[in-house]
Amino acid sequence: MNTLKVEDRDDRMVVTLHRPAQRNAINAEMIAELHQVCAAVEATPKPLLLTGEGEHFAGGADIAELRERGRDEAFAGINRTLFDRIAKLPLPTVAAVSGYALGGGAELSYACDIRIATETAVFGNPEPGLGIMAAAGASYRLPELVGTSVAKQVLLGGRNLDADAALRHGLVMDVVPAGEHIAAAHKVIDRITRSAPLALKLTKIIVDAPGSHPFADDIAQAVLFESRDKHDRMTAFLEKKNK
């Protein structure tokens, strides 16, 4: 791949956006390569760690490419389609963010289930200043992540969220010193991989489903109650407790 570094481990996929000279700006080639990553993770489900090469996560979409896109490309939802696909990956996704996560880069991080930030991280959506809107998921993901008021401050008022604000508003799970975000994200995935994969898959589906869904919760729990993994894990817990 030309725009990504991909490390396919037994228990996780580690993907690094790799256009450091362009602050990892997201272009069409990167979109296509991230679709390949999604296909691999869908075929063999495992947690995904997503980060950026160098000081920044992703400084936005490639403006030169965006300038040439017209109505047909907008209707195609080129970036949105990818980010929606990432959001629907079967197992948890963790974004390790340092420096700029702006525009499309911010929206890519919003599509992940969990975000870890360094003290240098800055999230923002300056798209209206370029005559467009943040249309790759920010309008529906950011209000759910930080609340409608803060989302409007970012999307309409041009506010950037630094690491402290992102932590305060719940956008990120933790803030760590510069250079430690990837290790911190791996620790989160270490905890994730100790959980039952089917329980994680069903929990993610239920949490992401809109509205109240008690019967769906019951059905998902019924499936888990009949699983061999549940029986083995609880047996091991009881045996350890009784020693």
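The preceding data block contains the structure.
Residues numbered from 1 in each chain as written. Predicted model: local features only at pLDDT ≥ 70, side-chain atom pairs only at ≥ 80, totals over all residues. Heavy atoms only, no water.

**Student:** Honestly, the pattern of salt bridges in this entry has me stumped. Any pointers?
**Tutor:** Pairing of side chains with opposite charge becomes possible as their charged atoms draw close. The final tally for this structure, using the stated rule, is 14 salt bridges. Between Glu68 and Arg67 there is a salt bridge, with its nearest N and O atoms 3.1 Å apart. Overall, the relative accessible area of 66% leaves Arg67 in the exposed class. When salt bridges with common partners are traced through the structure, they connect Asp11, Arg12 and Asp190 into a single cluster. (Salt bridge = Lys/Arg side-chain N within 4 Å of Asp/Glu carboxyl O. Buried < 20%, exposed > 50% of the residue type's maximum accessible area, 1.4 Å probe, protein only.)

**Student:** Explain the packing of helix α4 (residues 78–87) against helix α5 (residues 104–111) to me, please; I cannot follow it from the model alone.
**Tutor:** Angle between the axes and distance between the axes: these two values describe a pair of packed helices. Two elements in contact, α4 and α5, have axes whose closest approach is 8 Å; the angle formed by their N-to-C orientations is 25 degrees. Taken together, the axes of α4 and α5 lie roughly parallel to each other. Handedness of the crossing formed by α4 with α5: right-handed. Across the interface between the two elements, Phe83, Ile86 and Ala87 from α4 touch Gly104, Glu107, Leu108 and Ala111 from α5. In the contact of α4 with α5, the residues fall into 5 nonpolar, 1 polar and 1 charged. (Axes fitted to C-alpha atoms, helices over the stretch in contact; angles between N-to-C directions. Helix = DSSP H or I, 4+ residues; strand = E, 2+ residues; numbered from the N terminus. Parallel < 35°, antiparallel > 145°, perpendicular 65-115°, else oblique. Left-handed = near helix turned anticlockwise from the far one by under 90°. Contact = heavy atoms within 4.5 Å. Nonpolar A, V, L, I, M, F, W, Y, C, P; charged D, E, K, R; others polar.)

**Student:** Sorry if this is basic, but what is going on with the sheet that holds strand β5 (residues 100–102) here?
**Tutor:** Pairing between sheet strands relies on hydrogen bonds along the backbone, with the strands arranged either parallel or antiparallel. With mixed pairing, the 3 strands of this open sheet are ordered in space as β5-β7-β8. A strand with exactly one partner marks an edge of an open sheet, and here the two such strands are β5 and β8 (161–162). Inspection of the sheet shows strand β7 (residues 122–124) paired to β8 by 2 bridges, in the antiparallel sense. Looking at β8, one finds that Phe123 is bridged to Leu161. Where α5 meets the sheet, its contacts fall on β5 and β7, and the angle it forms with β5 comes to roughly 90 degrees. (Pairing = 2+ DSSP bridges.)

**Student:** How should helix α1 (residues 28–43) be read in this particular structure?
**Tutor:** An α-helix turns once per 3.6 residues; consequently, residues spaced three or four apart project the same way. With 16 residues, α1 ought to run about 22 Å at 1.5 Å a step, and its terminal C-alpha atoms sit 23 Å apart, in line with that. Those residues of α1 that fall on the buried side of the exposure criterion are Met30, Ile31, Glu33, Leu34, Val37, Cys38 and Val41. Buried residues of α1, seen end-on, are gathered within an arc of 165 degrees and therefore sit on one face of the element. Where α1 is buried, its residues touch β1 (4–8), β2 (13–17), β3 (48–52) and α4. (Expected span 1.5 Å × (residues − 1). Arc of directions from axis to C-beta.)

**Student:** How do you make sense of the packing of aromatic side chains when you look at a structure like this?
**Tutor:** The way to describe two aromatic rings as a pair is by their centre distance and the angle between their planes. Under the counting rule described, the total for this entry stands at 0 aromatic pairs. For the cation-ring pair, Lys230 lies above Phe225, with the distance from its terminal atom to the ring centre recorded as 4.9 Å. (Phe/Tyr/Trp six-rings, centres within 6.5 Å; stacked < 30°, edge-to-face > 60°. Lys NZ or Arg CZ within 6 Å of the ring centre and 35° of its normal.)

**Student:** Which parts of the structure should I look at to understand the sheet that holds β2?
**Tutor:** Read across the sheet, 6 strands follow the order β1-β2-β3-β4-β6-β9 without closing on themselves; strand pairing throughout is mixed. Pairing within the sheet leaves two strands with one partner each, and these edge strands are β1 and β9 (174–176). Across the sheet, the mean angle separating the axes of adjacent strands is 20 degrees when strand polarity is ignored. Of the pairings in the sheet, the one linking strand β4 (residues 93–97) to strand β6 (residues 114–118) comprises 4 bridges and is parallel in character. Within the sheet, the bridge partner assigned to Ala95 lies in β6 and is Arg115. The sheet contacts of α1 involve β1, β2 and β3, and relative to β2 the element is tilted by about 175 degrees.

**Student:** Hey, could you run me through the nonpolar core in this one?
**Tutor:** The tendency in soluble globular proteins is for nonpolar side chains to be buried as a group. In this structure, Phe123 and Leu171 are the most contacted members of the largest nonpolar core, which totals 45 residues. In terms of residue count, α1 provides more of this core than any other element does, 6 residues in total. Ranked by size, the runner-up nonpolar core spans 13 residues in total, among them Leu49, Leu91, Val188 and Ile189. (Core = buried A, V, L, I, M, F, W, Y, C linked by side-chain atoms within 4.5 Å.)

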